[in-house]
Amino acid sequence: MFTKFLCPDNLSVPISDCLKQCVKSARCFPIPILKRMGQTRPAWTPAYKWSVTELLQPMRYLYLQKTQDYAEAPQDLLFKILGSAYHYFVNKDDPDYLQEYHLENEFYRGTIDAYSISERGLYDYKFVQRYKARMLTQDLEKEGKDYIWQLNAYRLLLEEKGYPVDKMVLVIVCRDHRGYEYKAELENVGKKTKAGKPYALPIDPCYQFCIPKIGDESIRSILRQQANELSLAFQTQILPPKCSDEETWTGKRCESYCPVNLFCPDWIKFQKEAKNE
């Protein structure tokens, strides 16, 4: 479980201790923000129902997060709470929208960002970096595969509750978009670099992608299988298989974006072998 904050000097401090008294001369964030960052998901129990987000994560990654006490840096959690705040205020008090709406069925649960009753449209908001937005514009099916599955899983939950869904829209907001960079990119459209290559197309501050529908039975089958395999891993306390190259982004995720890599035997083995070379 996420139980510790990782300070800038790599010192791990229990969240409760951090909130009582900062070990540094000054806090990195105010206490209300740290409290929000320090909120954790419930532990697994035999009655636990997996969320869509959890079922789309690598099994070993999720298993280690649920079974090991690990630390994360508050700086790495900032955009998560900013995204949650954005979800809260968008469509707030609009009677046409179901917002932050909790749904579940026999196998999984989920919280949709927004559903328009009049449009019969499902909307999901993502805060991403510019490079991720560029990758999505180039190949949505490959780079946004989890997003496509997530929205379809939410669609199924809505339809099972009697809310028809005619369209699914993925809204991408670039969290590091800067006006001056955008202006320079626009001015370079059609021009070439000194090396003779065309400049990359500018990245807009926001994109809206219409998401294709996946068959209902495919969604049920895949998510049911994932839920059953995860629950079995927790019941037997057997570590799930090593994450695939696709899940680890060919190792980049393990090295820089996995807070539980210290507990992964394959990562530990890789680190030892790298030191011996």
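Scope of this entry: the structure provided in the associated data block. (Residues numbered from 1 in each chain as written. Predicted model: local features only at pLDDT ≥ 70, side-chain atom pairs only at ≥ 80, totals over all residues. Heavy atoms only, no water.)

**Structural notes on the nonpolar core**
One broad trend across soluble globular proteins is that nonpolar side chains are buried collectively. Spelled out, the test is: Nonpolar cores were defined as sets of buried Ala, Val, Leu, Ile, Met, Phe, Trp, Tyr and Cys residues, with membership established by side-chain atoms within 4.5 Å. Working definition: with a 1.4 Å probe on protein chains only, accessible area under 20% of the residue-type maximum means buried, over 50% means exposed, and in between means partly exposed. The helix count covers DSSP runs of H or I at least four residues long, the strand count covers runs of E at least two residues long, and both are numbered beginning at the N terminus. By definition, residues are in contact when any of their heavy atoms lie within 4.5 Å.
Ranked by size, the top nonpolar core spans 60 residues in total, and within it Phe5, Trp50, Tyr108, Leu170, Ile172, Phe209 and Ile211 carry the most contacts. Top element by residues in this core is helix α8 (residues 145-160). It accounts for eight residues. Excluding residues within four positions of it along the chain, Trp50 makes contact with Trp44, Leu55, Leu62, Lys66, Phe107, Tyr108, Arg109, Ala227, Leu230, Ser231 and Phe234. Counting residues in hydrophobic clusters, the runner-up holds eight residues, among them Tyr97, Ala114, Tyr125 and Val171.

**Examining the sheet that holds strand β4 (residues 70-72)**
Here is the rule we go by: Strands are treated as partners if at least two bridges between them are detected by DSSP. Interaxial angle, 0 to 180 degrees, is taken between N-to-C directions of lines fitted to C-alpha atoms, where a helix line uses only the stretch in contact.
Taken together, the three strands give an open sheet; going across it, the order is β2-β1-β4, and neighbouring strands pair in mixed fashion. Strand pairing shows two members of the sheet lacking a second neighbour, β2 (12-14) and β4, which therefore form its edges. Across the sheet, the axes of successive neighbouring strands diverge by a mean angle of 45 degrees, strand direction being ignored. As paired strands, strand β1 (residues 2-6) and β2 are joined by three bridges and run antiparallel to one another. Counterpart to Lys4 in the pairing with β2 is Pro14. Of the strands in this sheet, β1 and β4 touch helix α5 (residues 74-89), which is tilted by about 115 degrees from β1.

**Focus: the pattern of salt bridges**
Cut-off, in case you're wondering: Salt bridges are defined by distance alone: a side-chain nitrogen of Lys or Arg within 4 Å of a carboxyl oxygen of Asp or Glu.
Under the definition given, this model contains twelve salt bridges. For the salt bridge of Lys24 with Asp9, the shortest nitrogen-to-oxygen distance reads 2.2 Å. Linking Lys24 in the loop between α1 (15-20) and α2 (31-37) with Asp9 in the loop between β1 and β2, this pair joins segments that are 15 residues apart in sequence. Exposure remark for Lys24: the relative accessible area of 34% places this residue in the partly exposed category. Asp9 gets classed as partly exposed once you look at its relative accessible area, which sits at 45%. With a closest N to O distance of 3.8 Å, Glu54 and Arg109 form a salt bridge. Here Glu54, found in helix α3 (residues 52-55), pairs with Arg109, found in strand β6 (residues 108-116); they are 55 residues apart in sequence, far enough to count as distant. Classification of Glu54 as buried rests on a relative accessible area of 1%. Each member of the salt-bridge network shares a partner with another, and the members are Glu54, Lys66 and Arg109.

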